[in-house]
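Spelled out, the chains give:
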Amino acid sequence: MPLSNSQDRQLRERAAAVIPGGMYGHQSTGLLPDDYPQFFAKAKGARLWDVDGHELLDFMCAYGPNLMGYADESIDAAYVSRMRQGDTMTGPSALIVELAETMTAMVTHADWAIFCKNGGDATQIALMTARAHTGRKTVILAKGAYHGALPWCTPRPTGATPEERANRFFCDYNDIASLEAAVAAAGDDLAAIFAAPVKHDAFVDQALPDPAYARRTRELCDQTGALLVVDDVRAGLRIARDCSWATLGVQPDLSSWGKCFANGHPISALLGSEKARKAASQIYTTGSFWYQAAPMAAALETLKRVRETDYLEHMEGLGERLRSGLAERAAAAGIGLRQTGPVTMPLFLFDDDPDLRQGFLWSSQMLARGVYVHPWHNMFLCAAMTSADIDQALDAAEASFAVVKAERPALGPVAKLSFLLA
Ligand code: PMP
């Protein structure tokens, strides 16, 4: 039985009149099963409540920002207390220095930090810093990797000019030969290689980085003088308490951070090594809210938790349990389920499901059982999840696999999604 959704439907109708396309971004109409809520009323710990009052165990974590649990008491107390003293002011508070000290102490390659708001701000500053450092224009990106919605990197180029999307070459993730070919094509104009810490592209199986590929990326940057940027906006703090590629022994020159290091409060960062300091000090970059003090207080509290607790090991344990439990249940139901990516950021895709009709049905069935999963984007675990939550997800999954098995032969195509899969 799908969940009742009259409040959500009413809001959608009103939104259609005043928000282009009804909604933008991840909640754009048609990207998720029709019965998925678009509007939410509240969130606490690992759970969300939609505007129709349904409680949902949330495996999306706001697309990453929820690391320690929604509405975390001590992190939010730090935020509120700083907000009452002064938040957006004529200049930064002392916290900006403390936060820069904290993050440069935490991230091995980093000697300096610039704070901004969104992940896209940080990747934009990374690109400008690399161009300023090298005096060159070209950037190498992995095909399908997301680095934000700016004209040079948005996956949907409508509204961007060819000039804004010039000076880019592409390689295949984990494919050294294609990386070398892209470097050769860039010739003497290579400013930066952008690397995703893991392949976490939408719609396809995820892949962990091949250490040889990561090392070769570093070598090619050293040989050409280009800067290596690891875009840790999505994976940061769910793989390591350092830059994610530090686990491979590879240190970038720049790393971009966002989403979760203030547990959902609005702040992002570009961290850089000594080599790039001069260039970073020469570019012009700012924003009206970039000195905001309250998110910095929240970040300091979140990072204290990162340093002092086993939040990461806890999430990894739950992620392993989810992965093996789902594998067992899918196999028992005769369903081919591919689980890829780090266990803290899993993606599930069904075999023989090119247009995601099984994935959409399974996700809807999970939702009807109070579990919010995603049919084509990587998910996120948070530290507020418990073993009981994983058990709830596994029970829901077992029942949902049975429905997929029974209904699979008669399933029609998923409406509206085909344009994205084309
Ligand atoms: N880089 C990566 C790897 C991301 O996942 C995202 C956002 N999903 C961004 C950059 C852009 O971040 P934001 O949406 O905060 O601008």
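Residues numbered from 1 in each chain as written. Predicted model: local features only at pLDDT ≥ 70, side-chain atom pairs only at ≥ 80, totals over all residues. Heavy atoms only, no water.

S.K.: Can you help me understand the domain arrangement of the chain in this one?
M.R.: Many descriptions give the size of an interface as the accessible area lost when the pieces come together. As assigned here, the chain comprises domain 1 (6–70 + 310–421) and domain 2 (73–308). For domain 1 and domain 2, the distance between their C-alpha centroids amounts to 27 Å. On the domain 2 side, the residues contacting the 32 residues of domain 1 number 25 residues. Between domain 1 and domain 2, a total of about 2500 Å² is buried, with carbon and sulfur atoms accounting for 58% of that surface. Interface area lost by domain 1 to domain 2 is led by Pro65, Met68 and Tyr311, which between them contribute 22%. Summed over the shared surface of domain 1 and domain 2, the number is three salt bridges. Put simply, Arg338 and Asp205 hold a salt bridge, and the shortest N to O gap is 2.9 Å. (Domains from an automatic or database assignment. Contact = heavy atoms within 4.5 Å. Buried area = accessible area lost by both parts, 1.4 Å probe. Salt bridge = Lys/Arg side-chain N within 4 Å of Asp/Glu carboxyl O.)

S.K.: Mind showing me how you'd approach the site of the ligand here?
M.R.: Near the ligand you find Asn118, Gly119, Gly120, Tyr146, His147, Gly148, His200, Asp231, Val233, Arg234 and Lys259, and these make up its full shell. Here a nitrogen atom of the ligand and a side-chain polar atom of Asp231 are 2.6 Å apart. The contact in question runs from a nitrogen atom of the ligand to an N or O atom on the side chain of Lys259, over 3.1 Å. Coverage of the ligand by the protein amounts to 84% of the 390 Å² it exposes when considered alone. Here the shell around the ligand is composed, by residue class, of two nonpolar, six polar and three charged. (Near = heavy atom within 4 Å. Polar contact = N/O pair within 3.5 Å; in protein donor to acceptor, adjacent residues only side chain to side chain. Areas by Shrake-Rupley, 256 points an atom, 1.4 Å probe, with all protein chains shown as cover. Nonpolar A, V, L, I, M, F, W, Y, C, P; charged D, E, K, R; others polar.)

S.K.: I keep staring at the packing of helix H9 (residues 311–333) against helix H11 (residues 387–407) and nothing clicks. Help me out?
M.R.: Helix-helix packing is characterised by the crossing angle of the two axes and by the distance between the axes. With their axes 9 Å apart at the nearest point, H9 and H11 run at an angle of 20 degrees to one another. Accordingly, the angle class assigned to the pair H9 and H11 is roughly parallel. Handedness of the H9/H11 crossing: right-handed. Counting all contacts with H9, which are made through Leu318, Arg321, Leu322, Gly325, Leu326, Arg329, Ala330 and Ala333, the residues of H11 involved are Ser387, Ile390, Asp391, Ala393, Leu394, Ala397, Glu398, Phe401 and Lys405. Looking at side-chain class alone, the contact of H9 with H11 contains 10 nonpolar, two polar and five charged residues. (Axes fitted to C-alpha atoms, helices over the stretch in contact; angles between N-to-C directions. Helix = DSSP H or I, 4+ residues; strand = E, 2+ residues; numbered from the N terminus. Parallel < 35°, antiparallel > 145°, perpendicular 65-115°, else oblique. Left-handed = near helix turned anticlockwise from the far one by under 90°.)

S.K.: Would you explain the sheet that holds strand S8 (residues 227–231) in this entry?
M.R.: Backbone hydrogen bonds are what pair the strands of a sheet, in a parallel or an antiparallel way. Taken in spatial order, the seven strands make up an open sheet running S4-S10-S9-S8-S7-S5-S6, and their pairing is mixed. Across the chains shown, the open sheet's two edge strands, defined by having one partner strand only, are strand S4 (112–116) and strand S6 (168–171). Across the sheet, the mean angle separating the axes of adjacent strands is 20 degrees when strand polarity is ignored. Bridge count between strand S5 (residues 138–142) and S6: four bridges; the pairing is parallel. (Pairing = 2+ DSSP bridges.)

S.K.: Explanation requested: the packing of aromatic side chains in the structure shown.
M.R.: Remark: the centre distance and the inter-plane angle together describe each pair of aromatic rings, the angle taken between the planes. Using the criterion set out here, one finds nine aromatic pairs in the structure. Between Phe203 and Trp376, the aromatic rings sit 4.3 Å apart at their centres with planes inclined by 15 degrees, giving stacked as the arrangement. On the criterion of sequence distance, the pair formed by Phe203 in the loop between strand S7 (190–195) and helix H6 (211–224) and Trp376 in the loop between strand S13 (371–372) and H11 is long-range, its members being 173 residues apart. (Phe/Tyr/Trp six-rings, centres within 6.5 Å; stacked < 30°, edge-to-face > 60°.)

S.K.: What should I look at first to understand the packing of helix H2 (residues 73–85) against helix H8 (residues 293–308) in this one?
M.R.: Two elements in contact, H2 and H8, have axes whose closest approach is 8 Å; the angle formed by their N-to-C orientations is 155 degrees. Relative to H8, the element H2 is oriented roughly antiparallel. Both H2 and H8 take part in a crossing whose hand is right-handed. Touching Ser74, Ile75, Ala78, Tyr79, Arg82 and Met83 of H2 are Ala293, Ala294, Pro295, Ala297, Ala298, Glu301, Thr302 and Arg305, all from H8. Classifying every residue of the contact of H2 with H8 by side-chain character gives nine nonpolar, two polar and three charged.

S.K.: Help me out: how do you make sense of empty space enclosed by the protein in this one?
M.R.: Sizing a probe to match a water molecule and rolling it over the atoms shows the empty space that remains. Scanning all chains against the criterion turns up two cavities of 30 Å³ or more. As a volume, the largest cavity reaches approximately 50 Å³. If you go around the largest cavity, the residues you meet are Phe59, Leu322, Leu326, Pro346, Phe348, Trp362, Met366, Val371, Val373, Met379 and Ala393. For the lining of the largest cavity, the elements supplying multiple residues, two or more each, are H9 and helix H10 (357–368). Classifying every residue of the lining of the largest cavity by side-chain character gives 11 nonpolar, no polar and no charged. Taken as a whole, the second largest cavity holds about 40 Å³ of empty space. In terms of lining residues, the second largest cavity is bounded by Phe348, Phe350, Gly359, Trp362, Ser363, His374 and Pro375. Those elements giving two or more residues to the lining of the second largest cavity turn out to be strand S12 (347–350) and H10. The biggest single contributor to the lining of the second largest cavity is H10, with three residues. Counted by class, the lining of the second largest cavity contains four nonpolar, three polar and no charged residues. (1 Å grid on protein atoms, 1.4 Å probe; cavity = no way out; pocket = protein on both sides within 12 Å on 5 of 7 lines; lining within 4 Å. Points joined across faces, edges and corners; volume = space filled by probe spheres on them.)

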